[in-house]
Amino acid sequence: MTPGLSDKRPLAQRQPWPRAGYRFEFREDQGHDGAVSFIGQSALFTVTVRPARAAYLIAEESLDGFRRAVQEASERWGGQTELIIPVRDDGTISLDSQRMIELSHVDGLVNIDAPVDHAKSLADSFGMHLTPIKDIDSWGVTQCTSHPADLGPPGTVDGSNGYTIAAEGDPLWQVAAAGGLSAEAAKGFHESGLTIRRAQGGLDIGESQLRGHTLLEATTVSMREAWAPLTPATSPTVIFLTSEDDFGDCLKFWNLRALRPAGRGVMPMYLLPADVSSWMSWPGVLFEALKRPAHFSPDVLIVSSSVAEEAMHAFAESMGLQLSEEAPARPFTTGKVPKRLAPFTYQLDCPVHYFAFERRYGETEFVDVPVVGEKTVLRFASPVPTTAAFAGLSLVSISGEPLDALPKREPVAKLVTDSAEWHDEAIQIPDYLKRDWRIELRIPTLAAGYEAVMREVTNAHRLSDKGALGAGLMEQGAIDVLREANVFESIRQLTTPRGEKIAKELEKLFGKGQPLTEEQREFAERFGGRSERTFKCAENLGHGSFEAAQTALERLAGIGWAERGFRTVCGECTNKSFVPFSAEAARGVARCPVCGATTDYTREPAPRGLVVYYRLDGRVDFANDSGVIAHLMVLGTLQRRYKHTFLKPGVDLFFTDGVEGEADVLGVCDGKLVSGEVKMSGYSFTEKQLEKDLDIVQRLRSEIYVMAATSPIEDEAKQRAKARCDELGVQLLLLERDDLLR
C-alpha cells in the first residue's frame, strides 16, 4: 500500500503527505465573481469532525463475510458503529436492515462478498457510494477514517495488557463481541504503540466487555451523536445470549450495538454464550457493573433468538437476577441519582425502541469569524484529540448562516471549496485530523449560487419579457407597498384595457362558440394598444371609500408608480384628457392637449375645488396588463416568508433535450430552489397547466413549487397539485389573494 491520503494505517507507519486520488487541493475558481453576500458580517459556523462510516454488505448467512467485516471495522475510527447488512439471493435486504441504514446515516456501502450486481443496485437505491472491500483504503468516501492508534492519548487500557480481540478461529460470538484482526493488521497496531492481545477463552472476552477493554470499544473514542431528534436516554444493560454460535444472534447484536446511544445516553451491551456455568468469577464482575445510577428499570434486558425462554431464565437465576413484573420505565429524577443495589432485576425483552432514532455523529466546535473578502478562514483547536500534530483522515462538516442560505447543489459546493460536497445540509470536506485547524472557504453570493445551479440544470436561461419588465420594477420599497390595503386594486382600476382584454370583450359580445378571426384579433391588438391610458380620481376609482382610495393612490404616486394631474373636458373636440402636473399646469389657462382649445380643469363644488386625477406610470400600466405586478407580489410574499432570497420575476428556460419552458417565479429561498406559476385568475390552473409547471419543477429539481393567483384557486386544482407534488417529493406553496397581502 502506498502511503498517502487514502492510507488508513497508524500515523507511525505513514508518510505525512497526501497523494492524488481524492479531490483535496484548493484552486481559485475562475468563474467566481468574488462578491460575498455576507461580507462585513460576523458569522457563527458550526464545525463537526467525524469519520466516514460504512455499512458492510455480505452474502446471506456468510460467516466468512461477517468475520471479514468485523476485521475491517476493528481498525477504523467509529468501526463499532458500522453496520453489517446481509444481502438476500434475490438482491434485496430486510426492512429492518433498510431502516437501520436510514437511521444510522452511514456514508457509503462496502461490498465484502455480496454479488456485485446486487451490491450496485442497493447502493443506487440509497444514493450512496459503493466500494469493494479491496479498495476501501484507496478511494471512495469510506476511506476518510483514521486508525484507532491516531486518536486520543497514547497507551493501552490498563498500561500493560492492551485491548482484547478474539483469537483467530475463535467462535463467532467472540469475534462479534470484541473484534478481530488479521496477523498483518495486528502487527500494525503493535508498531503504532497501541497494544492489543488475543483473548484467552470465552471468560476473557466476557470480562473485557464488562470493563470496556475490547478493541471495538477503542474505535468509539471521540465518537458521539452530534445530533439526534430526541436525547437518547440512559437505559438498562442488554445481554444477548447465543447458543451454538448462532449467526442471527451475532448479527442482531452487532447491528443493535452499532445503533445504541453513544455519548448522550449509556446502554451497556454484552454478547455471551447461554452456558457460562464454568465462569466462576463472572457473576461477581457483572454484579459490580450493574451498580449504575437508578434512571431506569429493570436493570437488565435479556435477548436471544436461538435460546429458549427457560434457558434465559436459568441464566438470569445463575446471575442472581430477579424477574421484574413491572413495565419497563425511565423514572424522572432530579438532583443526585443514587446507584442501584442488589437485588437486580431483569426481563426478557427485545429493546428495539431504544435504538430507533436518527443520529449524526461527530465532535463539534463553534467558530465565530467575520466574513471578509473572497477567503473566509476558520481557525480552531481540534475537538478530536490526536496523538500527533496531524493524524489520519476525517470528514469535516461546516454549517452556518452564510452556507445555509445557498442551494444544496454540487456546483455550489465547489464554489465554497473544490473538495466540498453537500451532506446533511452542510458543506463536507475530507481532511487530515489536526490539533489545530485552518480551513479556507469562499462564500459565494446567492446570485452566484443561483447561476451555478442554472448552468447545471439548463442549457441556457434568460429573463423572459415579463421577467425583464418586472426586474425593472423590483425596488424593495415598491414591492412592500403592493401588500398595503387597496393598492393592488387601485392598480387594476387604473390599468388601461389593451388588445387581449378587448379581444375577450369582443368574444363575449359575439357570443359563445364564436371565436375571433385572425383579422379581428389583429384589429383588437392594433387599436387596443393605442388606447388612451386610463386615469381616475379617488372618487370614481370604483373601489372602497374615498379616503381609502385616496390613500392608496398617493402611495402609488409616492413610489413613482403613478403620476398626479388634472382632467380637461374639451368643449371643442369633446376629448377628456389627463394633464400631468407640470409647469404648464401650474400657471396660465387650462388648454386641451388634443386641439389646444381653452378649457377648464375638472372641479367639484366647494370646499373640494380642483379634482386630482391619477394615472399609472407607463411601465406599471403595461406590467399589470401583462400580469407582472402579480409576479412582484409573489416575490414580495416570498421575501417576507424567508430570510435569504434571490428571486427572478420570470425566466425563459432552455433544456439540453431541446425542450423550452418558462417559470413566472424562480430563485432561491433559504437554500431551496423555488419555481412556480403566477396567474391573475385561479381558474387558470388547469390540469394541462399543472403538468407543464411540474415538468419544469422536475427538470430544475426544485424543492418548492409555487402555485399563486390573485383570486381563489379551485379546490380540485389544489388537490391535484398536492398529489403530484407528494409524488415528486416537492413542497407545494399555495399563495392566493389574502396570502399575497399579508
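Residues numbered from 1 in each chain as written. Predicted model: local features only at pLDDT ≥ 70, side-chain atom pairs only at ≥ 80, totals over all residues. Heavy atoms only, no water.

Visitor: Whenever I open this one, the environment of E451 confuses me. Can you help?
Guide: When you line up the elements, E451 lands in helix 13 (residues 446-457). On the basis of relative accessibility, which here comes to 29%, the residue E451 falls in the partly exposed class. (Helix = DSSP H or I, 4+ residues; strand = E, 2+ residues; numbered from the N terminus. Buried < 20%, exposed > 50% of the residue type's maximum accessible area, 1.4 Å probe, protein only.)

Visitor: What exactly am I supposed to notice about the pairing of strand 23 (residues 562-569) here?
Guide: Successive residues of a regular strand alternate their side chains across the two faces of the sheet. Where strand 23 lies against strand 29 (residues 613-616), four bridges are found, and the strand directions are antiparallel. Across the sheet, E563 pairs through a bridge with R615, a residue of strand 29. For strand 23 and strand 24 (residues 576-580), the ladder comprises five bridges, and the chain directions are antiparallel. By the bridge assignment, G565 is partnered in strand 24 with P580. Linkage of strand 23 to strand 24, two consecutive antiparallel strands, is achieved through a turn of six residues, within which T574 is found at a positive phi near 70°. (Pairing = 2+ DSSP bridges.)

Visitor: Honestly, the nonpolar core in this entry has me stumped. Any pointers?
Guide: Side chains that are nonpolar tend, in soluble globular proteins, to be buried together. In terms of nonpolar packing, the biggest core is built from 75 residues, with Y56, F66, L83, I84, W282 and F315 touching the most fellow members. The leading source of residues in this core is helix 8 (residues 247-259), at eight residues. If we ignore the near neighbours within four places in the chain, the residues touching Y56 are A69, E72, A73, R76, E82, L83, I84, I85, V110, I112 and I136. Core analysis: the second largest hydrophobic core is formed by 51 residues, A448, V453, M454 and L666 among them. (Core = buried A, V, L, I, M, F, W, Y, C linked by side-chain atoms within 4.5 Å. Contact = heavy atoms within 4.5 Å.)

Visitor: Help me understand the pairing of strand 13 (residues 345-348), please; the structure alone is not making it clear to me.
Guide: Pairing geometry for strand 11 (residues 300-303) and strand 13, over three bridges, is parallel. Each residue of the ladder has a partner; that of V300, found in strand 13, is Y346. Relative to strand 13, strand 12 (residues 322-323) runs parallel, the two sharing two bridges. Bridge pairing links Q322 to T345 in strand 13.

Visitor: Could you clarify how one ought to interpret the sheet that holds strand 31 (residues 651-654) in this entry?
Guide: Read across the open sheet, the three strands follow the order 21-31-32; overall the sheet is antiparallel. Two strands close off the open sheet at either side, each with one partner strand: strand 21 (460-463) and strand 32 (660-663). Across this sheet, the average inter-strand angle for adjacent strands is 20°, counted without regard to direction. Bridge count between strand 21 and strand 31: four bridges; the pairing is antiparallel. Looking across to strand 31, one finds that R462 is bridged to D652. (Axes fitted to C-alpha atoms, helices over the stretch in contact; angles between N-to-C directions.)

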